[in-house]
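Below are the chains, spelled out letter by letter.
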Amino acid sequence: MTLASNPPQNTPWNRAMSVLRDVISRPSGAIGLFLVVFHVVLAIVSPWVVPYDYKAMNSTLMLTGPDAAHWLGTDHLGRDVFSRVLLGGREALLVTGIATPIAVTWGGFVGILFGLVGGRVDEVLMRVVDAFLSLPWILKMLVLIVTFGTGIEVLIPTLAFFYGIPVIRIARAATHDVVARDFVSAARARGHSRLTIIRRELLPNVLDTLMVEGAMRWLWMLLAFSSLSFLGFGVSPPTPDWGLMIADARGFMSFAPWGVLGPVIALSSLIIGINLTADALAKALGIDRAQKAPV
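Residues numbered from 1 in each chain as written. Predicted model: local features only at pLDDT ≥ 70, side-chain atom pairs only at ≥ 80, totals over all residues. Heavy atoms only, no water.

A.B. asks: What's the story with the overall build of the protein chain in this structure? I'm lost.
C.D. replies: A count of helices and strands for the protein chain gives 11 helices and 0 strands. Start at the N end of the protein chain and walk to the C end: the helices and strands fall as α-α-α-α-α-α-α-α-α-α-α. Oriented by its inertia axes, the alpha-carbon framework of the protein chain measures out at about 80 × 65 × 30 Å. Split into buried and exposed, the 295 residues of the protein chain put 43% on the buried side. For the protein chain, the share of sequence-separated contacts (at least 6 apart) that also reach a separation of at least 24 residues comes to 72%. Of the roughly 15,500 Å² of accessible surface on the protein chain, a fraction of 67% belongs to carbon and sulfur atoms. Of the charged side chains in the protein chain, 23 are positive and 19 negative; the average position of the first set lies 8 Å away from that of the second. (Helix = DSSP H or I, 4+ residues; strand = E, 2+ residues; numbered from the N terminus. Buried < 20%, exposed > 50% of the residue type's maximum accessible area, 1.4 Å probe, protein only. Contact = heavy atoms within 4.5 Å. Areas by Shrake-Rupley, 256 points an atom, 1.4 Å probe, with all protein chains shown as cover. Lys, Arg positive; Asp, Glu negative; His and termini not counted. Charge placed at Lys NZ, Arg CZ, Asp CG, Glu CD.)

Right, dumping it as structure tokens:
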């Protein structure tokens, strides 16, 4: 008698691999994931592959055009633009790579908790969230950055805090779709605490939504970080950063556009890659990104 083999278990690892295969099977997902992985790998290995020191200045090579020695020309201080572009994403990926999980974690927990509690408490607290969201993000972050400084130790918690607030609305909306189901009512009837209900019943059912939202928060954080650097409130010179490079080179665009084109193309390709990956991930998980959160 032949024994039937056990069916494969739907472990988190198996599901993650299934979602990854689904994302890669879509042309947009494959392109997007390639761009994201390319930039992450480049940020890691770039210090060992750049042809020139990013700080090295040469007054005889200021604003020279692209050639065999300097593929993207040089900037107004004679520094190699190609080397600085290769290194320009390191700070942005480091800061946003740490801030994004923090934002999704705290914003997701608070949003799930609001959705579970419900009632008047939920309504009052969501009006506080709405008040935060009604203010321009750049003004809110500039207040803290001007007050406490522009170092990484300030940028990471600032981005994590302000970009975690929109996650509250998304997590709350996803929780409202789950909290009325029978298994949540049964958990309440058994006397489980709110933390237990969140961990066992709600979080597994809203995790897919939070994953997609996390990808979008990463995208917006990268844009915010580059905007702050462009305005002079991000990384400090001479650290190479795409936003800072665009700000430095914009005055020479009419006769030396390569100083702007390099960082713009690099930043745009990363943003496009994340956006394509997030779209493919949402489709693979069956998440409707156009769905609005209830007020």
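A.B. asks: Before we go on, may I ask you to explain the pattern of salt bridges in this structure?
C.D. replies: Pairs can form between side chains of opposite charge whenever their charged atoms are close. For the structure shown, the criterion picks out 10 salt bridges. Its salt-bridge partner being Asp130, residue Arg169 comes within 2.6 Å of it at the nearest N-O pair. Of this pair, Arg169 sits in helix 7 (residues 152-176) while Asp130 is found in helix 5 (residues 119-134), placing the two residues 39 residues apart along the sequence. Exposure remark for Asp130: the relative accessible area of 24% places this residue in the partly exposed category. Residues participating in the shared-partner salt-bridge network are Asp122, Glu123, Arg127, Asp130, Arg169 and Arg172. (Salt bridge = Lys/Arg side-chain N within 4 Å of Asp/Glu carboxyl O.)

A.B. asks: Looking at this model, I keep getting lost on the side chain of Arg79. Mind explaining?
C.D. replies: Turning to its location among the elements, Arg79 is positioned in the loop between helix 2 (27-49) and helix 3 (81-87). Apart from residues lying up to four places away in sequence, Arg79 is in contact with Tyr54, Lys55, Ala56, Met57, Gly73, Thr74, Arg84, Pro238 and Asp248.

A.B. asks: Before we go on, may I ask you to explain the environment of Gly151 in this structure?
C.D. replies: Along the chain, the position of Gly151 falls in the loop between helix 6 (137-148) and helix 7. A relative accessible area of 22% means that Gly151 is categorised as partly exposed. Along the primary structure Gly151 and Ser236 are separated by 85 residues, whereas in three dimensions their C-alpha atoms are 8.3 Å apart.

A.B. asks: Honestly, helix 4 (residues 90-117) in this entry has me stumped. Any pointers?
C.D. replies: Turn by turn, an α-helix covers 3.6 residues, leaving residues three or four places apart pointing in a common direction. Its 28 residues place the ends of helix 4 41 Å apart at the C-alpha level, agreeing with the 40 Å of an ideal helix rising 1.5 Å per residue. Backbone geometry just downstream of helix 4 places Gly118 in the positive-phi region, at approximately 65°. (Expected span 1.5 Å × (residues − 1).)

A.B. asks: Sorry if this is basic, but what is going on with the environment of Val264 here?
C.D. replies: Looking at where Val264 falls in the secondary structure, it is placed in helix 11 (residues 258-285). Classification of Val264 as partly exposed rests on a relative accessible area of 31%. Linking Val264 and Ile246, residues 18 residues apart in sequence, is a C-alpha distance of 7.3 Å.

A.B. asks: Hey, could you run me through the nonpolar core in this one?
C.D. replies: In globular proteins that are soluble, nonpolar side chains generally tend to be buried together. The biggest cluster of nonpolar side chains holds 45 residues, and the ones touching the most others in it are Met141, Leu159, Leu222, Phe225, Trp242 and Ile274. For this core, the element with the highest residue contribution is helix 9 (residues 194-231), accounting for 9 residues. Each residue touching Met141, except ones within four places of it in the same chain, is listed here: Thr158, Leu159, Phe162, Tyr163, Ala224 and Leu228. Listed in part, the 15 residues of the second largest apolar core include Ala174, Val179, Ala187 and Ile197. (Core = buried A, V, L, I, M, F, W, Y, C linked by side-chain atoms within 4.5 Å.)

A.B. asks: Please clarify how the packing of helix 7 against helix 9 should be interpreted in this entry.
C.D. replies: Two numbers describe a pair of packed helices, the interaxial angle and the distance between the axes. In contact at an axis separation of 9 Å, helix 7 and helix 9 are set at 145° when each is read in the N-to-C sense. Judged by the sense of rotation from one axis to the other, the crossing of helix 7 with helix 9 is right-handed. Each of Leu155, Leu159, Ala160, Tyr163, Pro166, Val167, Ile170, Ala171, Ala174 and Thr175 in helix 7 lies in contact with helix 9, whose residues at this interface are Leu202, Val206, Thr209, Leu210, Glu213, Arg217, Trp220, Met221, Ala224, Phe225 and Leu228. (Axes fitted to C-alpha atoms, helices over the stretch in contact; angles between N-to-C directions. Left-handed = near helix turned anticlockwise from the far one by under 90°.)

A.B. asks: Sorry if this is basic, but what is going on with a nonpolar patch on the surface here?
C.D. replies: Among the surface-exposed residues, Val37, Val40, Val41, Ile44, Val45, Trp48 and Val49 lie close enough to one another that they form a single nonpolar patch of about 650 Å² accessible area. Tracing the backbone shows Val40 in helix 2. (Patch = residues over 30% accessible without salt bridge, like charges linked within 9 Å, V, L, I, M, F, W, Y side chains within 5 Å.)

A.B. asks: Could you clarify how one ought to interpret empty space enclosed by the protein in this entry?
C.D. replies: Vacant regions in the atomic arrangement are exposed by a probe of water-molecule size rolled over the atoms. Per the stated rule, a full pass over the model turns up 3 cavities of 30 Å³ or more. Empty space within the largest cavity amounts to approximately 80 Å³. Asp75, His76, Arg79, Val81, Arg84, Met245, Asp248, Ala249 and Gly259 together form the lining of the largest cavity. Top element by residues in the lining of the largest cavity is helix 10 (residues 242-249). It accounts for 3 residues. In terms of residue class, the lining of the largest cavity is built from 3 nonpolar, 2 polar and 4 charged. (1 Å grid on protein atoms, 1.4 Å probe; cavity = no way out; pocket = protein on both sides within 12 Å on 5 of 7 lines; lining within 4 Å. Points joined across faces, edges and corners; volume = space filled by probe spheres on them. Nonpolar A, V, L, I, M, F, W, Y, C, P; charged D, E, K, R; others polar.)

A.B. asks: How should I be thinking about the packing of aromatic side chains in this particular structure?
C.D. replies: Geometry of an aromatic ring pair is reported as the spacing of the ring centres plus the angle between the planes. All chains considered together, the criterion is met by 6 aromatic pairs. Seen from their ring centres, Phe252 and Phe255 are 6.1 Å apart, and the 75° between their planes marks the pair as edge-to-face. Residue Phe252 is classed as partly exposed on the basis of its relative accessible area, which comes to 23%. Connected via pairs of aromatic rings, a cluster forms that spans Trp106, Phe132, Phe161 and Phe162. Lys55 extends its terminal NZ or CZ atom over the ring of Tyr54, reaching a point 4.6 Å from the ring centre. (Phe/Tyr/Trp six-rings, centres within 6.5 Å; stacked < 30°, edge-to-face > 60°. Lys NZ or Arg CZ within 6 Å of the ring centre and 35° of its normal.)

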